[in-house]
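Residues per chain are reported as follows:
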Amino acid sequence: MERACRLAFTALLLLPSLLPAQEYPAKPIRLMIGFPTGGNVDIVGRIVAQKMGEGLGQQVIPENKTGAGSIIANDYVAKSAADGYTLLVVSGAFVTQAATTRKLPYDPLRDFSWISTLVSYPLVLSVRADSRFKTLDEFIAYVKSNPGKVNYPSPGMGTLYHLAAEMFVSMAGIDMQHVPFRGGSEPLTEVLSGRMELLFDALTNSYPQIRAGKFRPLAVSSAERSPSLPDVPTVAQSVPGYQVTSFLGVAGPAGMPAGVVERLNREVRRVLALPDSGQRFAEWGGTPSPSSPEEMARRVETEIAMWKKVVELRKIQLQ
């Protein structure tokens, strides 16, 4: 009798953590997107939100909470109730900010519940279609012969594109000058105009320009060739060991019930397996990449550590 009472008491203690998963979702879910409408993060977030809503039986409402390169959205979600009704689209900026920002208003490792990665995509190194450079080897050889005379743009200090380029400069043994802009499409415009030679950008951003014949892709940053650009070599074929692949994912505040995380993970996997989802992502140069919550946590931690090493090696000033 005493043992039965103890078991019943234990079950009552566990009941609050079980109920949310059983009843979830009982109302619409907000999906925070830290970037403006129209970009790849926004487009992927909206596709996923719509498809998840269909499977969950409740609306998943995308909300653009912009500012500080997504830090405002990240902080908002980190400080929200851990009930599964406020989620975040995590981008590659999340890990680079953790490596380059002196003090964030949240802990990038401890203040979030990881749900799943959504899409993986390489960066692509492109030149204007009429550039004198036909291959990455030609470009590297030219820069080695003209140290410090070639500039490359980025959307800002400490961004993924800045750090990826600095890693490339270091591993290729070349000297290029960084010209940071204030986000947006200015880096792409600088290369299209011919004022600068080489663009480091997400394939999801550059792919439309490549398909339109305005850019010539020299290499992709992933370990393998991209299905979207099967004829374009990898950077590692010219610079052995170089590999950068960014991602988008979904997270929530730390402390979300395990059952809710599992339900959301299952739904993300269903959405990413839909043929039309894969086709939409492929149009932007991305590949559906579902993961377990544990795999996403490891990826975030590994990439933060990697970019911290680049920051230290290249003596990049913390923001």
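Up top is the structure.
Note that the structure is predicted; figures quoted are calculated from it, not measured.

(A) Focus on the overall build of the chain. Helix and strand content of the chain: 11 helices and 10 strands. Taking 20 Å as the expected radius of gyration for a compact globule of 319 residues, we find that the chain reaches 22 Å, a close match to that expectation. By principal-axis analysis of the C-alpha atoms, the chain measures approximately 85 × 40 × 30 Å. When each of the 319 residues of the chain is scored for burial, the buried share is 52%. Excluding contacts between residues fewer than 6 apart, the proportion of contacts in the chain whose partners are at least 24 apart in sequence is 78%. Total accessible area on the chain stands at roughly 14600 Å², and carbon and sulfur atoms take up 54% of it. The averaged location of the 29 negative side-chain charges in the chain is 2 Å from the averaged location of its 33 positive side-chain charges.

(B) Structural view of helix H5 (residues 136-145). Buried within H5 are the following residues: Leu136, Phe139, Ile140 and Val143. The buried residues of H5 occupy an angular sector of 95° when the element is viewed end-on, so they sit on one face. Buried residues along H5 sit in contact with strand E4 (112-128), helix H6 (160-172) and strand E8 (215-220).

(C) Spatial organisation of the side chain of His178. One can find His178 in strand E6 (residues 177-180). At 3.4 Å, the side chain of His178 forms a polar contact with the side chain of His162. The contacts of His178, once residues within four sequence positions are left out, are Tyr152, Ser154, Gly156, Met157, His162 and Glu166.

(D) How the structure looks around the pairing of E6. By the bridge criterion, 4 bridges tie strand E5 (residues 151-154) to E6 in an arrangement that is parallel. Across the sheet, the residue bridging to Pro153 is Val179, located in E6. Each parallel crossover has a hand, and the one from E5 via H6 to E6 is right-handed.

(E) Summary view of the packing of aromatic side chains. Evaluated as defined, the whole model comprises 11 aromatic pairs. Measuring from centroid to centroid gives 5.2 Å for Tyr24 and Tyr85, while their planes differ by 55°, and the two rings are tilted. Highlighted residues: Tyr24 in the loop between helix H1 (2-23) and strand E1 (29-33) and Tyr85 in the loop between helix H3 (71-78) and strand E3 (86-90), separated in sequence by 61 residues. For Tyr24, a relative accessible area of 7% translates into the label buried. Ring geometry for Phe94 against Trp114: centres 5.7 Å apart, planes inclined by 90°, an arrangement best described as edge-to-face. Remark: Trp114 occurs in strand E4 and Phe94 occurs in helix H4 (residues 92-100); sequence separation between them is 20 residues. Pair check on accessibility: Phe94 and Trp114 agree, each one buried. Among the aromatic residues, those joined into a ring-pair cluster are Phe94, Tyr106, Phe112 and Trp114.

Cut-offs and rules
Residues numbered from 1 in each chain as written. Predicted model: local features only at pLDDT ≥ 70, side-chain atom pairs only at ≥ 80, totals over all residues. Heavy atoms only, no water. Helix = DSSP H or I, 4+ residues; strand = E, 2+ residues; numbered from the N terminus. Rg over C-alpha atoms; globule rule 2.2 N^0.38 Å. Buried < 20%, exposed > 50% of the residue type's maximum accessible area, 1.4 Å probe, protein only. Contact = heavy atoms within 4.5 Å. Areas by Shrake-Rupley, 256 points an atom, 1.4 Å probe, with all protein chains shown as cover. Lys, Arg positive; Asp, Glu negative; His and termini not counted. Charge placed at Lys NZ, Arg CZ, Asp CG, Glu CD. Arc of directions from axis to C-beta. Polar contact = N/O pair within 3.5 Å; in protein donor to acceptor, adjacent residues only side chain to side chain. Pairing = 2+ DSSP bridges. Right-handed = clockwise from strand over helix to strand, strands pointing away. Phe/Tyr/Trp six-rings, centres within 6.5 Å; stacked < 30°, edge-to-face > 60°.

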